[in-house]
Amino acid sequence: MTPSVDRADFGWSVLLTLAITGPLLLGSGYWLVGDMVFVPHQPWKSAWLGLDGSLPRAVPMDAIVSVLTQVVPGSVVQRVFLVGALVLGGVGIGRLVHERAWYARAAAIGIFLWNPWVHDHLQIGQWAILCGYLALPWVALAARRYRRDVRAGWAPVAVALTISGVCSPSSGVMAVVVVAVLGLRRSWPSWSVLAALSLVANLPWLLPSLLARSSTVTTAGVFELFAPRAESSLGVLPSLLTLGGTWKSSIVAGERTSAVVVGLALALTLAALLGALRRARSGPAATEVRRLAVLAAVSLAVASVPALGGAGLLEALGERVPALALLRDAHRFLAPAALLLAVGLASAVAWARAQVAPGRESLWTVAGLLVVAPVLLLPGLAWGAGDLERSSYPADWQTVAERIGAEPEATTIVLPWAGSYRSFDWADGRAVLDPAPRYLPGEVLIDDRTFVDGVEIASEDPRVGAVTLALGASGPVDVARGLRRLGVTWVLVERGQVDQSVPAGRTVHDGEDLVLLDLRTTTDPGADPDPLRSTARPSHGDYAPLVITGHVGAFVLLIGAFGRILRPGSNRRHSSRR
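Predicted, not measured: the structure shown is a model, and the values here were computed from it. (Residues numbered from 1 in each chain as written. Predicted model: local features only at pLDDT ≥ 70, side-chain atom pairs only at ≥ 80, totals over all residues. Heavy atoms only, no water.)

So, on to the sheet that holds strand 7 (residues 490-494). Read from one edge to the other, the open sheet built from five strands follows the order 4-1-7-9-8, with strand pairing classed as mixed. Strand pairing shows two members of the sheet lacking a second neighbour, strand 4 (443-445) and strand 8 (506-510), which therefore form its edges. Across this sheet, the average inter-strand angle for adjacent strands is 25°, counted without regard to direction. Relative to strand 9 (residues 514-518), strand 8 runs antiparallel, the two sharing four bridges. Following the sheet pairing, Thr 507 is matched in strand 9 by Leu 517. Packed onto the sheet, helix 20 (residues 395-405) meets strand 1 (411-415), strand 7, strand 8 and strand 9 and runs at close to 15° relative to strand 9. (Pairing = 2+ DSSP bridges. Helix = DSSP H or I, 4+ residues; strand = E, 2+ residues; numbered from the N terminus. Axes fitted to C-alpha atoms, helices over the stretch in contact; angles between N-to-C directions. Contact = heavy atoms within 4.5 Å.)

Inspection of the secondary structure assignment puts Ala 335 in the loop between helix 16 (311-320) and helix 17 (337-354). With a relative accessible area of 0%, Ala 335 lands in the buried category. Placed 57 residues apart in sequence, Ala 335 and Arg 278 show a C-alpha to C-alpha distance of 23 Å. Apart from residues no more than four positions distant in its own chain, Ala 335 is found in contact with Trp 117, Tyr 133, Leu 136 and Met 174. (Buried < 20%, exposed > 50% of the residue type's maximum accessible area, 1.4 Å probe, protein only.)

What follows covers the state of the cysteines. This model, assessed by the stated rule, comprises zero disulfides. For Cys 131, which is in no disulfide, the shortest distance to another cysteine sulfur is to Cys 167 and amounts to 5.4 Å. Exposure remark for Cys 131: the relative accessible area of 8% places this residue in the buried category. (Disulfide = S-S within 2.5 Å.)

Moving on, we get to empty space enclosed by the protein. Taken as a whole and judged by the stated rule, the model has two cavities of 30 Å³ or more. Of the voids in this model, the largest cavity is the one considered here, and its volume is about 150 Å³. Residue lining of the largest cavity: 16 residues in total, with Asn 115, Pro 116, Thr 242, Ala 265 and Leu 268 positioned closest to the centre. The set of elements that each furnish at least two residues to the lining of the largest cavity consists of helix 14 (259-281) and helix 18 (363-377). In terms of residue count, the dominant contributor to the lining of the largest cavity is helix 14 (four residues). (1 Å grid on protein atoms, 1.4 Å probe; cavity = no way out; pocket = protein on both sides within 12 Å on 5 of 7 lines; lining within 4 Å. Points joined across faces, edges and corners; volume = space filled by probe spheres on them.)

What follows deals with the packing of aromatic side chains. Taken as a whole and assessed by the stated rule, the structure comprises 15 aromatic pairs. Here Phe 38 and Trp 127 contribute two aromatic rings whose centre-to-centre distance is 4.8 Å and whose plane-to-plane angle is 45°, an arrangement assigned as tilted. Taken as a pair, Phe 38 in the loop between helix 1 (3-25) and helix 2 (61-68) and Trp 127 in helix 6 (residues 127-134) lie far apart in primary sequence, 89 residues in all. Like Phe 38, the residue Trp 127 is buried in the burial classification. Taking the centre distance of 4.7 Å and the plane angle of 70° together, the rings of Phe 226 and Trp 247 count as edge-to-face. Of this pair, Phe 226 sits in the loop between helix 12 (222-225) and helix 13 (236-241) while Trp 247 sits in the loop between helix 13 and helix 14, and the two are 21 residues apart along the sequence. Trp 247 matches Phe 226 in its accessibility class, with the two residues each being buried. (Phe/Tyr/Trp six-rings, centres within 6.5 Å; stacked < 30°, edge-to-face > 60°.)

Next comes the structure, spelled out in structure tokens:
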């Protein structure tokens, strides 16, 4: 890889990244939308390592964010993650097609960074899963080296798998599949080494998942609710073939509802597939492209099964294997297909350029259109995906956090008790995961039920039912007594949401946005004076050392692999070229 190639890929990646994240970078504040919740300083909790018995959906990423926000504000951490991941993802795709001219690489980078999958996951706020997607080119590069030489390639694979596993469990699984499809050979060392690396790299979330005894996962109806959906009248399959088709129709870019736009995007996909077919026929990259085609086919199959009549079958299997709940949002597993489209589009652009001759100069236009087509077909991704504006937390949040922080062992519940997503006026009314558990210290319990199209997805936390029962008592004093028996000290009321009666208690903060009640004092003279009986979620107890060992093992693997890669002469002897 020559320095000029690096600069060209880096420059184009930076330009596209700025076109997406520009509004975030032009001032202070946060992008708060969907699951994307960053706070100024995220307090440390055992839950961030998966030690609280809950399902580790953001383990260990929450731990990393918590540590980083002790050093720099969360707003900086958010910008570094989003901008850094997008730029590195583009540079990685450029390296994957390094032998191509700059304009062909630009096409590959463009379709990888600028597509409906990226738009939709940004709008849903699944930033960690987006980071996992943007790591896929580096996973593919590691798999390329591993396929050529297991001894030379294990370290890059270890780094790629560990970083992917940090992003999210689904990203960790996808990375393992990518390396398996692209990197395995017919040799015992190839399979055994990959199996060991995959296990250790994913221990931080795998062990808490296996030991989450107090959480319950439901698969009843979820596969149909989260199945990919058609964006236009062309149906769901054309949407999926163009990396669209998210289950959340409300966040789909407006232009994607047009059959004409989706049809043109389908033509772009066809051009990329023809380019990949041409590339797979012969040459040093033929084997890799064929494997990429297999990977894309598997990704498309997994994503499309729930939408094409397979939701019932998955639900039946999920009753016996609850881990299948991982597949409920099948659209995210379409991500590896973008690798084939990027490689194929680079080949198609190179072919179009090769056909340019006297009298056929118009083919330059064809090549140019293929380069810019992803942007032209999805203008909704530009400038904050159209409607993402920066938001800042009102001062009430910091005031309440400091008050609760004076007694960090206390338990807080958050009202209204009406699902896990909020719509704050100060956050432009966008649906966002309640920030309280990340902003406030101590044990913070929210109603973690989710509502999709009016259908309730049951809570995974057994404490939610107990709190719901206590909140249903006949009067404010009885509610307060019931919550106290459950070990609750504080009640946080978020103003501007649905109305809900609040328990009796001493108001220690009454702000414009938040109200904080202390339940330890009550107007009821007959309040139960007995010691509190906490129903706090049981931790892993005796398993905690095992869970921590998993984190340490993955960290040691990452450091050891980095050391191997950075060893003098390593990169020179083991180039990533085919």
